[in-house]
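Here's the letter readout for the chains.
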Amino acid sequence: MAIAFLDAPGPLAFAHRGGAAHAPENSWRAFEHAVGLGYRYLETDLQATADGVLVAFHDKTLTRVCGQDGRVRRLTYAELSAARIAGTEPIPVLEDLLTAWPGIRFNLDVKDVPAIAPLPEVLRRTNAWDRVCLVSFSASRLRATRRALGRPVCMAASPLGTAVVRFGGPRGRHDERGPGRGQDWPLADWLTRSGVRCVQVPASMITPSFISRSHALGLQVHAWTVNDQPTMQRLLDLDVDGIMTDETVALRDVLTARGQWHPRPDA
């Protein structure tokens, strides 16, 4: 089954947290800068307020990013809307981002359990099912998200899935809880049934053998978070499928010099 999220010409360039080297992370200003450069992929994080509003925000608390006390999940959106990223930028609402740029694709890191329940309705209202890829460092959180959605959406492998790809695993008896359980499916079938279409890993983990094994399973390999040009070049030489960066100008320049920069058609 094809997943539209990944069908753009590669290598894919992701603006990590909107491109945090050029504006405060996960701010409208960061996202707008990346869109202006021609990026078609934006990476961001999901938290939910006490009244179920999904926002693009990395941390569970406001301390580091906004310099004030408060847990996102315990604040209503009305209360959260007064907070400012780096003292100046309002916290974006996911639905507003999806609506503002209907041609942009969003890599969404589900950071906390309360973000799961509101997500299906936001994707339904914005008809953004094919414009998102979901990831989480928690296998159980990613599994719960998949169940809540109730329909196929592009997903990145959980840490468990990534370990299976990296180190290999038994053929057979795979289900959504992971390899070694449930019905007798080969690994590639288990990944497909789970909606997994890519692995997103630190650049230090990426080797020729990891890329080869991932590609053999039909998975793209995306590296994060790569901010220096020599590492970008090395990964591209290895045939990595995507790079996430805070340094959106630097990555664009590297890809342009290699003839691999593919901006949005409307950029």
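Figured I'd write up the structure that's included with this text. Residues take numbers from 1 onward in each chain, read along the sequence in its written order. Totals for whole chains, interfaces and linings use all residues, but because this is a predicted model, local features are given only for residues with pLDDT of at least 70 and pairs of side-chain atoms are given and counted only at 80 or more. Note that water and hydrogens are dropped before the side-chain values are worked out from all heavy atoms of the structure.

**Concerning the overall build of the protein chain**
Inference 1: Helix and strand definitions here come from DSSP, where helices need a minimum of 4 consecutive H or I residues and strands a minimum of 2 consecutive E residues; each element is numbered from the N-terminal end. For the protein chain, the count of helices and strands is 11 helices and 13 strands.
Inference 2: Computation of the radius of gyration draws on C-alpha atoms alone. For the globule rule, the value is 2.2 Å times the number of residues to the power 0.38. Scaling as 2.2 N^0.38, a compact globule of 267 residues should have a C-alpha radius of gyration of about 18 Å, and the protein chain matches this with 18 Å.
Inference 3: In terms of overall dimensions, the protein chain has C-alpha extents of about 50 × 45 × 30 Å along its principal axes.
Inference 4: For every residue, the accessible area obtained with a 1.4 Å probe (protein chains only) is divided by the maximum for its type, and the residue is called buried under 20%, exposed over 50%, and partly exposed between those limits. Across the 267 residues that make up the protein chain, the buried fraction comes to 55%.

**Here's the deal with the packing of helix H7 (residues 159-167) against helix H9 (residues 208-216)**
Inference 1: Between H7 and H9, whose axes approach to 8 Å, the crossing angle comes to 110°. Comparing the axis directions of H7 and H9 gives the class roughly perpendicular. On H9, the residues that touch Thr162, Val164, Val165 and Arg166 of H7 are Phe210, Arg213 and Ser214.
Inference 2: Classification convention: Asp, Glu, Lys, Arg as charged; Ala, Val, Leu, Ile, Met, Phe, Trp, Tyr, Cys, Pro as nonpolar; all other residues, Gly among them, as polar. Here the contact of H7 with H9 is built from residues that sort into 3 nonpolar, 2 polar and 2 charged. Inter-axis angles, ranging from 0 to 180 degrees, are taken between N-to-C directions of lines fitted to C-alpha atoms, where helices are fitted over the stretch in contact. Any angle from 65 to 115 degrees is called roughly perpendicular, while one under 35 is roughly parallel, one over 145 is roughly antiparallel, and all others are oblique. Any pair of residues with heavy atoms lying within 4.5 Å of one another is described as a contacting pair.

**Quick notes on the pairing of strand S7 (residues 132-135)**
Inference 1: Of the two faces of S7, the one carrying Val132 and Leu134 and the one carrying Cys133 and Val135 are both buried.
Inference 2: Orienting the strands away from the viewer, one traces the path from the first strand over the helix to the second; a clockwise path indicates a right-handed crossover. Following the backbone out of strand S6 (residues 105-110), through helix H5 (residues 119-126) and into the adjacent parallel S7, one traces a crossover that is right-handed.
Inference 3: Whether two strands pair depends on DSSP finding at least two bridges between them. Pairing analysis gives 2 bridges linking S7 to strand S8 (residues 154-156), with the strands arranged parallel. Note on S8: the bridge partner recorded for cysteine 133 is cysteine 154.

**Remarks on helix H10 (residues 229-237)**
Inference 1: All buried positions along H10 are accounted for by Thr231, Met232, Leu235 and Leu236. Across the axial projection of H10, the buried residues extend over an arc of 135°, all falling on one side. Turned more than 90 degrees away from the buried face of H10, the exposed residues are Pro230 and Asp237.
Inference 2: Elements that come into contact with the buried residues of H10 comprise strand S12 (220-224), strand S13 (242-245) and helix H11 (248-257).
Inference 3: Of the residues flanking the end of H10, it is aspartate 239, one or two places downstream, whose phi is positive at about 75°. Arc definition: directions from the helix axis to the C-beta atoms.

**Description of unusual backbone geometry**
Inference 1: Of note, the amide linkage connecting glycine 10 to proline 11 takes the cis form, showing an omega dihedral of 0°.
Inference 2: Its location among the elements puts proline 11 in the segment before strand S1 (12-16).
Inference 3: If you check the backbone angles, asparagine 26 has positive phi at about 55° while not being a glycine.
Inference 4: In this structure, asparagine 127 is a non-glycine residue whose phi angle is positive, near 50°.

**Some words on the environment of serine 140**
Inference 1: For serine 140, the location among the structural elements is in helix H6 (residues 139-149).
Inference 2: Classification of serine 140 by relative accessible area gives partly exposed; the value is 43%.
Inference 3: C-alpha of serine 140 to C-alpha of phenylalanine 57: the two residues are 83 residues apart in sequence and 20 Å apart in space.
Inference 4: Within polar-contact distance, the side chain of serine 140 engages the side chain of serine 138 at 3.1 Å. Within 3.5 Å is the distance limit for a polar contact, defined as a pair of N or O atoms, with the added protein rule that one can donate a hydrogen and the other accept it, and that residues adjacent in sequence qualify only through two side-chain atoms.

**A closer look at H11**
Inference 1: Every buried residue of H11 is accounted for by Thr248, Ala250, Leu251, Val254 and Leu255. Summarising the axial view, the buried residues of H11 lie within an arc of 165°, below the 170-degree limit, and thus occupy one face.
Inference 2: Buried residues belonging to H11 abut S1, helix H1 (28-37), H10 and S13.
Inference 3: Positive backbone phi, approximately 70°, marks glycine 259, located one or two places after H11.

**Looking at the pairing of S1**
Inference 1: Of all 5 residues making up S1, 5 are buried, and the element is well covered by its neighbours.
Inference 2: Residues of S1 alternate between two faces, with Leu12, Phe14 and His16 on one and Ala13 and Ala15 on the opposite face, all of them buried.
Inference 3: Across 4 bridges, S1 lies against S13 in parallel orientation. Directly across from phenylalanine 14, in S13, lies its bridge partner methionine 244.
Inference 4: One ladder, built from 3 bridges, connects S1 with strand S2 (residues 41-48); its direction is parallel. Directly across from alanine 15, in S2, lies its bridge partner leucine 42.

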